[in-house]
Amino acid sequence: MFRSRTSASVLGVPVRLRRGSVFGMAAGGDGGGREAACGHDSYRSPLASRYASPEMCFVFSDRYKFRTWRQLWLWLAEAEQTLGLPVTDEQIQEMKSNLDNIDFKMAAEEEKQLRHDVMAHVHTFAHCCPKAAGIIHLGATSCYVGDNTDLIILRNAFDLLLPKLARVISRLADFAKERADLPTLGFTHFQPAQLTTVGKRCCLWIQDLCMDLQNLKRVQDDLRFRGVKGTTGTQASFLQLFEGDDQKVEQLDKMVTEKAGFKRAFIITGQTYTRKIDIEVLSALAGLGASVHKICTDIRLLASLKELEEPFEKQQIGECCVEAREHREMPGGSSAMPYKRNPMRSERCCSLARHLMTLVMDPLQTASVQWFERTLDDSANRRMCLAEAFLTADTILNTLQNISEGLVVYPRVIERRIRQELPFMATENIIMAMVKAGGNRQDCHEKIRVLSHQAAAVVKQEGGENDLIERIQADAYFSPIHSQLDHLLDPSSFTGRASQQVRRFLEEEVHPLLRPYESVMKVKAELRL
């Protein structure tokens, strides 16, 4: 309950309020008070404060957004001048000189009075550009800066994500190539199945990520500029400015689109660009989240089997300890159980991937309720879900790259597990070898069945090792093939064409896909807390 204009109680804790504090701001306001409030006494998004890269955080920052608004106003003025409207060189130069001169405190005060963020920044820009004040935002609607800026941000955010995803694929490709021939027990239903190789399993992960890389690039390439469309998308205000000259209105739209770096703009819009675009964007990111969740779940299961481990930091105990990042030593992992090596990075990826996958529900519902030319119930939702999706994806890819750069494989553990299961899987090969040596298939099958049940009882009921091969070696019936048993039990003979598939897949599908990103492949992951 508020006691006065300068003090309050939150959950029984007295809070001192000051002008511009987080409790005293108008909705949507932004100023020095907000920055000061975002310390230890205010909620901060963990994505920005803890996980995502500074580059991705900057793309979704207020400074980047409002600077882009000013750039859009400048592009509009330049194009209007070129097409004959009374915009002077002096006005253009004044706007150019003040693109970065943003008074956030003044903008916050203006927004508090006007209850409109775009007009607040029009006034703030005009304050430092008095000569250009009359032509700033000329003929435009709020969505000219709002929606076009969002599209620029989405495009540029993809520019940050795509190389990171390519690097993850590259690291995993190196891992798969190195272990293309290493046999490992396959699992279906998490039950022992036919053998595969460590490299082949990794290619299952890579294939999904390659699909994500192609999807993200396709969505980025499909982005179109909203352009210069006016209040309800009809361009009526610009048609009036150019005294009914359709050609100049079209030229204006094209010129600003090109200045913004887009190849094309929408022909049809309402007041906003269609919110189906946001569905496309977040669907691609959600698909990436699903892929990463599957990969990191596999890593967590393999860590439990002690076949594979993610890298550990020197002195690592919990998630908040990140000392000695260049040392991939592996003590620690639990505050209570020092022998544990918890797959915490993979767990982080899974945790964040779940959040990323759910965010696609926001644009799905938003697009479905945009009445006619637009409603404003999209605004607050989009402020959160678009930024969070990219910051989450950025964090996931940074973390997964770090994991993929230091995966540790334990071949002896893998070999021991193969030895436990391979005798059962080899029974068909043993039967075929006996038939070739002159035996009767039905008799051999019955012998194998009895010995297999005996060996299974030892494993399941007594907790012993699988001794099926020892039983076969001790049975005179199988003496014709005793000398062949080592060959028949060679794990590499059970992996089919896995090795060849790995090499062909990497050569024909993965490496060509990565070629556009070769210049960034050597960059190491900058893992935050």
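Preceding block: the structure.
Everything numeric here is computed off the predicted structure, so don't read it as measured data.

Calculation rules
Residues numbered from 1 in each chain as written. Predicted model: local features only at pLDDT ≥ 70, side-chain atom pairs only at ≥ 80, totals over all residues. Heavy atoms only, no water. Helix = DSSP H or I, 4+ residues; strand = E, 2+ residues; numbered from the N terminus. Buried < 20%, exposed > 50% of the residue type's maximum accessible area, 1.4 Å probe, protein only. Arc of directions from axis to C-beta. Contact = heavy atoms within 4.5 Å. Phe/Tyr/Trp six-rings, centres within 6.5 Å; stacked < 30°, edge-to-face > 60°. Axes fitted to C-alpha atoms, helices over the stretch in contact; angles between N-to-C directions. Parallel < 35°, antiparallel > 145°, perpendicular 65-115°, else oblique. Left-handed = near helix turned anticlockwise from the far one by under 90°. Nonpolar A, V, L, I, M, F, W, Y, C, P; charged D, E, K, R; others polar. Salt bridge = Lys/Arg side-chain N within 4 Å of Asp/Glu carboxyl O.

> How should I be thinking about the side chain of T269 in this particular structure?
Counting through the fold element by element, T269 comes out in the loop between α11 (246-259) and α12 (276-304). The buried category is assigned to T269, whose relative accessible area is 11%.

> Even after reading the chapter, I still don't get helix α5 (residues 89-97), so can you show me in this structure?
For an α-helix, the turn length of 3.6 residues means that residues three or four places apart are oriented alike. Regarding α5, the residues found buried are Q91, I92, E94 and M95. Seen end-on, α5 carries its buried residues on one side only, within an arc spanning 160°. Opposite the packed face of α5, turned more than 90 degrees from it, sit the exposed residues D89 and S97. Looking at the buried side of α5, the elements it contacts are α4 (62-82) and α7 (117-128).

> Looking at this model, I keep getting lost on the packing of aromatic side chains. Mind explaining?
How two aromatic rings sit relative to each other is given by the distance of their centres and the angle of their planes. Scanning the model with the defined rule gives 10 aromatic pairs in all. Aromatic pair F66 and F104: ring centres 6.3 Å apart, planes at 50°, arrangement tilted. Residue F66 is found in helix α4, and its partner F104 is found in helix α6 (residues 104-114); the two are separated by 38 residues along the sequence. When its relative accessible area of 11% is taken as the criterion, F104 is described as buried. Relative to W73, the ring of W69 has its centre 6.3 Å away and its plane inclined at 70°; by these criteria the two rings are edge-to-face.

> Which parts of the structure should I look at to understand unusual backbone geometry?
In terms of backbone geometry, most residues other than glycine have negative phi values and most peptide bonds are trans. Unusually for a residue other than glycine, Q235 sits at a positive phi of about 65°. By relative accessible area, Q235 is classed as buried at 17%. With phi around 50°, F372 is a residue other than glycine that occupies positive phi space. Here F372 shows up in the loop between α14 (361-368) and α15 (379-404).

> Looking at this structure, I do not really get the packing of helix α8 (residues 142-178) against α12. What am I missing?
The description of two helices packed together rests on the angle between their axes and the distance between the axes. For the pair α8 and α12, interaxial distance at closest approach is 12 Å and the crossing angle is 20°. One finds that α8 runs roughly parallel with respect to α12. In the packing of α8 onto α12, the handedness of the crossing is left-handed. Touching L151, L154, F158, L161 and L165 of α8 are I277, D278, V281, L285 and L288, all from α12. For the contact of α8 with α12, the per-class residue count stands at 9 nonpolar, no polar and 1 charged.

> It is not clear to me how the pattern of salt bridges should be interpreted in this structure. Could you clarify?
Where charged atoms from two side chains of opposite charge come close, those side chains can pair. A complete count under the given rule lists 27 salt bridges for this structure. Across the salt bridge formed by R275 and D147, the nearest N and O atoms sit 3.0 Å from each other. Remark: D147 occurs in helix α8 and R275 occurs in the loop between α11 and α12; sequence separation between them is 128 residues. Exposure class is identical for R275 and D147. Each is buried. Between R171 and E405 there is a salt bridge, with its nearest N and O atoms 3.0 Å apart. One end of the pair, R171, is in helix α8; the other, E405, is in the loop between α15 and β7 (408-409), and 234 residues separate them in sequence. Overall, the relative accessible area of 22% leaves E405 in the partly exposed class.

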